[in-house]
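Residue strings, one per chain:
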Amino acid sequence: MNHQVPSLKAALGRLYADLQTKQIRGVVPYQVFRSETEALGLSEEARGRLATALTAMKLPIGEPPRPEADQAPVQQRAASPRTETARRLLERFADTAGMVDARALEGVARLAGLSMAEAKELRSGVQVIPPPGSNTPVPDPRDTVGGTSQSVPASTAPAAEGSLERAVTAARRVLIDDRFLLRPAKRILGADEEVGLTVLLRGGVRNVGIEPADEDLARLPPADERRRARDCLILHNLGLVHSLARQFTEQGLEYEDLVQSGTLGLMRAARKFDPSMGNKFSTYATTWVRQMIGRAIADEGSAIRVPVHMHEVMQKVARAERALLSRGLPTRAADVAVACDLPVTTVDKARRLSRRTDSLDRIIGDGVHLGDLIEARTAIPGVEGAVVDALTETELRAAIAALPERYAHIVTRRYGLDGEDPATLDELGKDLGITRERVRQLEVKVRPVLELAFTDPAGVPYLTLRRMLTDRQVTAASSNAVQAITKDRANRDWCAGVNALQAFRQREGSRLPEPDHQEGDFRLGQWVDEQYENGGPDGAGLPTHRRIVLESLGVRWWQPPAPPTRGRPLPRPTPPAPAPCLGHPSAPDTER
């Protein structure tokens, strides 16, 4: 006997697996069950107990065939066209397990005009979903993978699944009831129904803790129960989206666009909602719907895109202004800043960004665009302007070609100079194998160098940039010329002298400072004399980038005249008066 028990268990295990593969619409035919169990030598009583146990394990067994006396009328009734038509129509209302609701069965029988005998025959050939209060087991399609049941005995399921099972039963009832409602979205779901739909969406009680992925849900067919549960949960909560979308009108998007963005947030909430947390679905979904609508307004609500974090600041400032107006208080920038706990500069920036922008192509009426009503104050650029623009673009490309390879790639892709759309920091980081922050740092370093090359008043940008990058003083300091120039320009004394000279030139015009002049606490005259002394007569003693900055601020170097060419007697030229220069010992003191 000890050797027979394991063999019997193994035989029952094989029988259970074979019957799972031979289900027809969720039910094992009785003839198949009888033929599979005859090899075990079971009696009719034992076969009945086995069928009851398998049904409890969610593997229902079909009814045994009727005697010949009762079967003849049934075969005669099944041949009627009305019964066959009703059976095909009833298949449309069957779920994934092949079961139909009792109301659907009665409705199809009335629609087909079946008699009582024909309705009884139709009922005998289908599996009817039992009412919620009954103890009849219901085949659970969520536990099937590829048509093969993965059920386990109910005794092995945790005790906490009882409430979830009741919620799943209520959710399946909602899926059935929605077929008979004209406007199912008007129905408000209860807590058990929301939990049950979420459990069905996640694939059953055993997968309730696993969040489904968007790709997995997209691959499901429309008739799958998980897909239907997701759609049902979204459909019954569309009212929440409409109520929240009304709060964001007149912010740059149409009401339909707001509802569409809110529905996307609702879909994400349905996927991420965890019923075990104890929250209502509407409470959880409100955050996602608001977030998606806010991002849509920030991305598409205006012609000029505003960052999401700045859009939130703008909304905060607008709410504070409305609150102050409702209380009869002034809405000055300082008052709003106090109410929002923000700096005054941030409030001013938020107000500037809140100004409405409109498109000149917007149709006013009768085919008239907004641009047609605005007077054109800018003339069409002439040929000279087009040529100048072309030359500037050519010079820019030539200057970029003089940069190191990595800097040239960043500038070209970042500003779309290769004809493509401007690349983001993330895209450039992937191309170069570095982080987006490192790309931003390299861009910050190379941009002032390019700007300085184009501000040289006496040179071609390409040649100026080449001289800057190949300067001996720069290359001796670092192998990375761009980084060395950026570091040298950030020198504290140099920055203080340049800023002081700029302030002096803006106030005094073309006049140069005296040797003892002080600009604030900075000795500007002495600093300029030091630059003349370090640069020499022609400024060659200074790095090229420093010389360009000084020349752009009005500093002129004194250069002696070139000697006459040998072989051609030329009159002895009178040396011209050199340009006024600051602090140079050989320069005439004309303006001091």
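Structural data are supplied above this passage.
Position labels on residues start from 1 in each chain and follow its written sequence. pLDDT decides what is reported in this predicted model: residues at 70 or higher carry local features, side-chain atom pairs at 80 or more are listed and counted, and totals for whole chains, interfaces and linings draw on all residues regardless. To get the side-chain values, all heavy atoms of the structure are used, and hydrogens and water are removed first.

Looking at the overall build of the chain
Put simply, DSSP H or I for four residues or longer makes a helix, DSSP E for two residues or longer makes a strand, and each gets a number counted from the N terminus. Counting secondary structure elements, the chain contains 27 helices and six strands. Here a residue-residue contact requires only that any non-hydrogen atoms of the pair lie within 4.5 Å. Put simply, of all contacts in the chain between residues at least 6 apart along the chain, 58% involve residues at least 24 apart. Residue-level accessible areas treat just the shown protein chains as cover; the underlying method is Shrake-Rupley with a 1.4 Å probe. Per element, the accessible surface of the chain, about 36,000 Å² overall, is 54% carbon and sulfur.

Description of helix 2 (residues 30-37)
Note on classification: 1.4 Å probe, protein chains only; a residue is buried when its accessible area is under 20% of the maximum for its type, exposed when over 50%, partly exposed between these limits. If you check which residues of helix 2 are buried, you get Tyr30, Phe33 and Thr37. Projected onto a plane normal to the axis of helix 2, the buried residues spread over an arc of 60° and lie on a single side. Directions are taken from the helix axis to each C-beta atom, and the arc is the one they span.

What about the nonpolar core?
By convention a nonpolar core is built from buried Ala, Val, Leu, Ile, Met, Phe, Trp, Tyr and Cys residues, the set being connected through side-chain atoms within 4.5 Å. By size, the foremost hydrophobic cluster in this structure holds 43 residues, and its most contacted members are Leu403, Leu465 and Trp527. In terms of residue count, the dominant contributor to this core is helix 21 (residues 436-454) (seven residues).

A few points about the environment of asparagine 534
Position of asparagine 534 relative to the elements: it lies in helix 26 (residues 524-535). With a relative accessible area of 48%, asparagine 534 lands in the partly exposed category. Discounting residues that sit within four places of it in the chain, asparagine 534 has contacts with Gly541 and Leu542.

Notes on the layout of surface pockets
Any residue with an atom within 4 Å of a point lines the site, the site being either a cavity, points on a 1 Å grid over the protein atoms alone where a 1.4 Å probe fits but cannot get out, or a pocket, an open set with protein on both sides within 12 Å along at least 5 of 7 lines. Grid points are joined across faces, edges and corners, and a volume is the space filled by probe spheres set on the points. If you add up the space inside the largest pocket, you get close to 1,200 Å³. If you trace the largest pocket, you find 41 residues lining it, with Gln251, Gly252, Ile297, His311 and Met314 closest to the centre. Counting only elements with at least two residues in the lining of the largest pocket, the list comes to helix 13 (255-272), helix 14 (281-300), helix 15 (308-326) and helix 17 (344-353). Among the elements that line the lining of the largest pocket, the one with the most residues is helix 15, at ten residues.

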